[in-house]
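# Remarks on the overall topology
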Amino acid sequence: WFDVPLVQSLARALPGARVVLVGPAHPSTAEELARAIASAPNLFWLGPRPYAQVPSIVRAFRVGLIPFRRTPLTAAVNPVKLYEYAAAGVPCVTTRFTEEVVEWREAARVAETSEAFIDEVRALLCAAPDPAPLVAFARRHDWDEIAREFVSFCLEDAA
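Residues numbered from 1 in each chain as written. Predicted model: local features only at pLDDT ≥ 70, side-chain atom pairs only at ≥ 80, totals over all residues. Heavy atoms only, no water.

## What to know about helix H6 (residues 131-140)
Because an α-helix packs 3.6 residues into every turn, residues spaced three or four apart end up facing the same way. The complete set of buried residues in H6 reads Leu134, Val135, Phe137 and Ala138. Angularly, the buried residues of H6 cover 155° about the axis, an arc narrow enough to put them on a single face. Among the structural elements, helix H4 (80-87) are those in contact with the buried residues of H6. At the N-terminal end of H6, a side-chain oxygen is found 3.2 Å from the backbone nitrogen of Ala132, two or three residues along, and the residue is Asp130. (Buried < 20%, exposed > 50% of the residue type's maximum accessible area, 1.4 Å probe, protein only. Helix = DSSP H or I, 4+ residues; strand = E, 2+ residues; numbered from the N terminus. Arc of directions from axis to C-beta. Contact = heavy atoms within 4.5 Å. Polar contact = N/O pair within 3.5 Å; in protein donor to acceptor, adjacent residues only side chain to side chain.)

Here's what the structure looks like:
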């Protein structure tokens, strides 16, 4: 469900940028990543990192990436990384892997094609980000807010 060819194309299109991936990968994806890294010297995969390190890693990013393929599995995904990027004030580019992405437009630019994905990343790299709207988006979607909404819904339904 992770679009390695898209990330490889991004690295090739932006040779002056470092494209850094963090997190675990399925063995077949890891093999695909190894081949992509061999052909793109600015593409790096750090592998899994302890959750406590994630905030400092994400804060070092200029653009967050959600390069997911559209599959039945991803149609039901609501990626935690979107909220991590937003909480860190990092703008994000995502593929349209689910129809739900339209609800995230204030935190992520949505790309319909590989070319659009690369163009959106390029545009964000050239712009000075305004972290305030991203952080506000993350606050509206934190676990405390979700719990408050759930409790409110349950109380309304019970009444």
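So much for the structure itself; the text now carries on.
## Regarding the pattern of salt bridges
A side chain of one charge can pair with a side chain of the opposite charge when the charged atoms of the two come close. For the coordinates displayed, the defined rule picks out 7 salt bridges. When salt bridges with common partners are traced through the structure, they connect Arg70, Arg96, Glu99 and Glu112 into a single cluster. (Salt bridge = Lys/Arg side-chain N within 4 Å of Asp/Glu carboxyl O.)

## Looking at the pairing of strand E4 (residues 92-95)
The side-chain alternation of E4 yields two buried faces, one formed by Cys92 and Thr94 and the other by Val93 and Thr95. Relative to E4, strand E3 (residues 64-66) runs parallel, the two sharing 3 bridges. Note on E4: the bridge partner recorded for Ile66 is Thr94. The handedness of the E3 to E4 crossover, carried by H4, is right-handed. Note: E4 against strand E5 (residues 108-111), 4 bridges, orientation parallel. Residue pairing across strands places Val93 opposite Arg109, the latter belonging to E5. (Pairing = 2+ DSSP bridges. Right-handed = clockwise from strand over helix to strand, strands pointing away.)

## Concerning the sheet that holds E5
Taken together, the 3 strands give an open sheet; going across it, the order is E3-E4-E5, and neighbouring strands pair in parallel fashion. For this open sheet the edge positions go to E3 and E5, each flanked by a neighbour on one side alone. Each neighbouring strand pair of the sheet contributes to a mean axis angle of 20°, computed without reference to strand direction. The sheet strands contacting H4 are E3, E4 and E5, and the helix crosses E3 at an angle near 165°. (Axes fitted to C-alpha atoms, helices over the stretch in contact; angles between N-to-C directions.)

Read these as geometric descriptors, not functional statements.
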